[in-house]
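Tertiary structure, described
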Amino acid sequence: MKYLIVGLGNIGREYEYTRHNIGFRVLDALAKASNIVFADRRYGFVAEMKVKGRTLILLKPSTYMNLSGNAVRYWMNQEKVPIENVLVIVDDLALPFGSLRLKGKGSDAGHNGLKHIQSILSTQEYARLRFGIGNDFPRGGQVDYVLEDFSDEEEKELPAKMETCGEIIKSFCLAGIQNTMNQYNNK
């Protein structure tokens, strides 16, 4: 059984540690913990890992955030992954910093990466792991905020949160979305 795990972010050193790139960072942490490396492939950086007989295709799209759907569609088709086995990791302004919420479907909530995925796939029916980045910015400052680096205090908390994300990803693939939501969404 195959799963496509997509971490949203923007390519380039200037974006590497920004709030908007938490999807990339979660997958980087999972890959490091699993001793696998990403290869530069079509539409993104891809790594493959096995978890108890399941194959996880980790994807960091190289299309920039606003065109993420192109990479998702390509790799779903390439690896023959059904929509119910797709999980997208995304930053979320509506959640306090470090909050993690798994959802089976939903709106794009104004997130350009999710908006493009929804447009390309013609559905909102795919799982997403929302990583709270908070919303401590002045009116009209949303773009600058998501493209800023995390604070030093936030950086100290990220490793533990990213480890939990790895547990959620594995549970999604092994136990299913409902069991995983029940286990992790109330923490």
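Residues numbered from 1 in each chain as written. Predicted model: local features only at pLDDT ≥ 70, side-chain atom pairs only at ≥ 80, totals over all residues. Heavy atoms only, no water.

This part covers the UniProt feature "site: Discriminates between blocked and unblocked aminoacyl-tRNA" (unreviewed entry) in the protein. As recorded in UniProt, the feature "site: Discriminates between blocked and unblocked aminoacyl-tRNA" (unreviewed entry) lies at Asn10. Among the secondary structure elements, asparagine 10 is positioned in the loop between strand E1 (2–7) and helix H1 (22–33). Asparagine 10 gets classed as buried once you look at its relative accessible area, which sits at 8%. Excluding residues that lie within four positions of it along the chain, asparagine 10 makes contacts with Tyr15, His20, Asn21, Phe24, Tyr64, Met65 and Leu147. (UniProt positions renumbered as here; feature names shortened; annotations may be inferred. Helix = DSSP H or I, 4+ residues; strand = E, 2+ residues; numbered from the N terminus. Buried < 20%, exposed > 50% of the residue type's maximum accessible area, 1.4 Å probe, protein only. Contact = heavy atoms within 4.5 Å.)

It is worth spelling out the environment of threonine 180 at this point. Residue position: threonine 180 is located in helix H6 (residues 177–184). With relative accessibility at 0%, the residue threonine 180 sits in the buried group. C-alpha separation for the pair threonine 180 and serine 34, spaced 146 residues apart in sequence, amounts to 20 Å. Not counting residues up to four positions away in its chain, the partners in contact with threonine 180 are Leu102, Ile168, Ser171, Phe172, Ala175 and Asn185. Only 2.7 Å separates the side chain of threonine 180 from the backbone oxygen of glycine 176, close enough to count as a polar contact. (Polar contact = N/O pair within 3.5 Å; in protein donor to acceptor, adjacent residues only side chain to side chain.)

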